Amino acid sequence: MKMLASILPVLRREWRSGEIRILAYALMVAVASVTAVSFFIDRVERGIGMQSAELLAADLVVESSQPLRDELFAKAEELELRTARVIDFSSVVLRDDDTQLVQVKAVESGYPLRGSLKLRDDINADAYAATGAPGRHEVWIEPRLQQLLALPMPEKLMLGEQEFSVTALIDYEPDRSAELFRLAPRVMMNLDDLTSTGLVTNNSRVSYRLLLAGESDAVRSYRSWLEAHKIHQEEILDVEQSRPELRVALSRAQQYLTLAALVAVLVCGAAIALACRQFAERHAGDSAVLRCLGASQKWIMQRYLLQLLSLAVISSLAGVLIGFLMQLLLVQLLSGWVDLNLPLPGFGPIAAGLVTGIVIMSGFAIPPVLRLGQVSPLRVLRQDFGTASASVWLTITVAMLTLAGVIIVQAADYVLASKFLLASAISCIVFWLLAWLMIRGISQVFSGIGGMIRRYGLSRLTRYPARSALQIAALCVGIAALLVLMVARVDLLESWQSGLPPNAPNHFLVNVQQDEVAGLNALFSQRGITLPVLYPVIKGRLTAINNKPVSENDYDNPRAKRLIDRNFNLTRTNMLPDDNRIIEGDWQGNIDSQAKAFSVESGIAETLDIQIDDRLTFSLDGQNVGANVTSLREVDWDSFNVNFFVIATPALLNGFSASFITSFHFDSGMEMQSRVSEETPLISEIVRRFPSITVLNVDAILSQVRNVMQRAAQAIEFVFLFTLIAGILVMYAAMQAGMRERLKEVSILRVLGASSGQVLSALLTELLIMGVFAGLIAALASSLLTWLLATFVFELPYTMNPWLWILAILGSCLGICVFGLLGLRKVLVQSPVSVLQSR
């Protein structure tokens, strides 16, 4: 206890030494990076747990792609459960000649059964709880729609064939919070108005939901009954499984952000290792003196271990506080993903941060401290530190394995963590080797070139190539990661956009009914535009392969499970679309008009393990329809033309009801050239004449997707900033490790007549070379990764971006020079006399 009581005064004295500050800062950065992510994820998970009923707006939800059966309502009434119907679908609203894609929700007066819907009369007004559904011929909209259409309040909108008054803005919608990607703003209407709009037909793509709430026993009884009697189209959602898509997306976000944070932990480990070694070397003489005075090895090791572990606890607590503050920024960056009322986090992230800090310190500090305990008393007369024993190497191995275990626990995925560790190890070795080769090469090429002062700056790198290479490699990790996120992703997006045909379709018409085809064709002809091919869409569920019933339990692949559990959009045609290429088998539709066959896209065939000649059975309108697969197709999805996973011959699907879909390229310039400007714009006219048709503006949707991607990239960039800070700390640690030697050398130069400007020139030479090397390696790594992503993941042409190299080198040089000179300012201001006298 006496030793423990003396630790804090010792740490205060030790704080003046550079390595203790490096240890503290590196631990703060490592813990802050991990806890910032942990706090955010914990808050979202707790928010989901606390608001799970609100995420459903009920205790239990039955969701279906078909109108709800009467039996569902009868059973609910029998069990005295409250119910509310909700119908959700995409549509287009019209104001004057402006159109906007929206997500319509038609609700009954009882909605929501759990939670509270909050409204505002104006964007600046106070929010209040809604009572019931919107009134007849009234709608409530999200503020984003008001901004997109520049709507005053109150205002009127055309939704289908019915005009509605906008009477309120939606401030909070309980079950809307689970929708991560808000590509269309919400419009909420009264369910009784739905028929008058003409928007929903038999073939419309609509989600029907039955909300139920009541006593827990009654809810459980209803669920048990439903599981025994539900049909394929129906899905059960309860409080325990609320919004599975939110949990999947959250899990992925946690993995990406956690891995980004763990890169910072690994780089901080290098800084801690350098600082701990310097700490041990500086205290070797003290340990030898203590040994001469009779101190045991055990006492010496306990003394220094307690110092470092106490520093670890204090620094980790500071890192937890920084992490808490940083996650507030992370919440803002990801606010477009999850719109929950986030509660305060629990104690889990705090404990995780403390354990991470202590384990990292233990892993990297124990080996040099063990060597301190083994210092010979002869160290008082001899300056060597000794050689590490086999037990120390064993300790290093155990410590590294412990750190790997922490990473696996933090990543929460053994396979993912193993891949991360392997990729990190390979990347660090490659970075270090490249830096080492560059340093060795420059020592050969430029030896003897330049003045004495510049040669001195160069010699600082070449004298300790392994240590200099470690500094550069650590900086490369952070710089390369930020380059990929900041520059390379923009290159990939531009490469994809430039690869699109100049007249690629930018509008889709969805849910075109058979009796609307003639009128639509006439409208296009009137505008001097050829109506593109309309493809019929028949909804069907895959029920069997080779006459064997299939279920989601037959597959391990999550995508395969989703495909089996949903309806397919099938089409019938003799001629395959132009951007479809047969890669196996033959398409019999263009040979035999009476043939009955399926053609399957090769990717989905691989996912579901479908082969040529396999017999597929689909349930269509309650009938089972089966045929053999006669061909596999490769589809160019980037063409933006209408394409399907499964195509059938007309003879197979004739007689089944269908809606139609098409895509076309259109811009206002085309219309102005073809007709006088007084005419109503084409898109607005389609919405007016055919209210059940949904018009999708691809350009607007892509803009929303890019916005989501931008926010996600900003969040990961934010986490990778910790990695860059960790790289700077590695540089600081390496410079502090040679500070005494550097001070002595500079003092001798000053005594021999070197000016402050010459000393500064030597330091800048060293730092600039480090900056150039780090920038070159980071640019090479990010370019290679971008090429791999473009070529093998996105299948895009790769074009090298010279600005990436320029930004990498200039940014690296500037950053390293600025922070390097800050770390070496003592060299520039220390009096040569005081340095030499201390020797």
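Right, let's walk through the structure included here. (Residues numbered from 1 in each chain as written. Predicted model: local features only at pLDDT ≥ 70, side-chain atom pairs only at ≥ 80, totals over all residues. Heavy atoms only, no water.)

## Re the overall build of the chain
Along the chain, the regular secondary structure elements total 27 helices and 22 strands. When the 839 residues of the chain are sorted by exposure, 51% land in the buried category. Counting contacts in the chain only where the partners sit at least 6 residues apart, residues at least 24 apart contribute 82% of the total. Total accessible area on the chain stands at roughly 38,400 Å², and carbon and sulfur atoms take up 58% of it. (Helix = DSSP H or I, 4+ residues; strand = E, 2+ residues; numbered from the N terminus. Buried < 20%, exposed > 50% of the residue type's maximum accessible area, 1.4 Å probe, protein only. Contact = heavy atoms within 4.5 Å. Areas by Shrake-Rupley, 256 points an atom, 1.4 Å probe, with all protein chains shown as cover.)

## Digging into unusual backbone geometry
Each neighbour pair has its own omega, and for Tyr-111 with Pro-112 the value is -10°, a cis peptide bond. Notably, Glu-80 is not glycine yet its phi reads approximately 60°, a positive angle. Tracing the backbone through its elements, the reader meets Glu-80 in the loop between helix H5 (70-78) and strand E2 (82-95). In this structure, Asn-511 is a non-glycine residue whose phi angle is positive, near 70°. With respect to the helices and strands, Asn-511 occurs in strand E12 (residues 507-512).

## Regarding the packing of helix H16 (residues 517-526) against helix H21 (residues 682-689)
The N-to-C vectors of H16 and H21 enclose an angle of 155°; their axes lie 11 Å apart at closest approach. On the basis of the axis angle, H16 is roughly antiparallel to H21. Crossing of H16 against H21: the hand is right-handed. Across the interface between the two elements, Leu-520, Leu-523, Phe-524 and Gln-526 of H16 pack against Leu-682, Glu-685, Ile-686 and Arg-689 of H21. (Axes fitted to C-alpha atoms, helices over the stretch in contact; angles between N-to-C directions. Parallel < 35°, antiparallel > 145°, perpendicular 65-115°, else oblique. Left-handed = near helix turned anticlockwise from the far one by under 90°.)

## Focus on the packing of H5 against helix H8 (residues 216-229)
Taken N-terminus to C-terminus, the directions of H5 and H8 make an angle of 155°; their axes are 10 Å apart at the nearest point. On the basis of their axis angle, the class for H5 and H8 is roughly antiparallel. Note on packing geometry: the crossing formed by H5 with H8 is right-handed. Together, Glu-71, Leu-72, Lys-75 and Ala-76 of H5 and Tyr-222, Trp-225 and Leu-226 of H8 make up the contact between the two elements. Of the residues assigned to the contact of H5 with H8, the class counts are five nonpolar, no polar and two charged. (Nonpolar A, V, L, I, M, F, W, Y, C, P; charged D, E, K, R; others polar.)

## Looking at the pattern of salt bridges
For the coordinates displayed, the defined rule picks out 16 salt bridges. Note that Asp-193 is salt-bridged to Arg-136, the shortest N-O span being 2.6 Å. Here Arg-136 lies in the loop between strand E5 (128-129) and strand E6 (138-141) and Asp-193 lies in the loop between strand E9 (186-190) and helix H7 (194-197), a separation of 57 residues in the sequence. The class of Arg-136 is partly exposed, set by a relative accessible area of 48%. Note that Arg-581 is salt-bridged to Glu-634, the shortest N-O span being 2.7 Å. Here Glu-634 lies in strand E19 (residues 623-635) and Arg-581 lies in strand E16 (residues 580-585), a separation of 53 residues in the sequence. The partly exposed category is assigned to Arg-581, whose relative accessible area is 47%. Using a relative accessible area of 39% as the deciding quantity, one classes Glu-634 as partly exposed. (Salt bridge = Lys/Arg side-chain N within 4 Å of Asp/Glu carboxyl O.)

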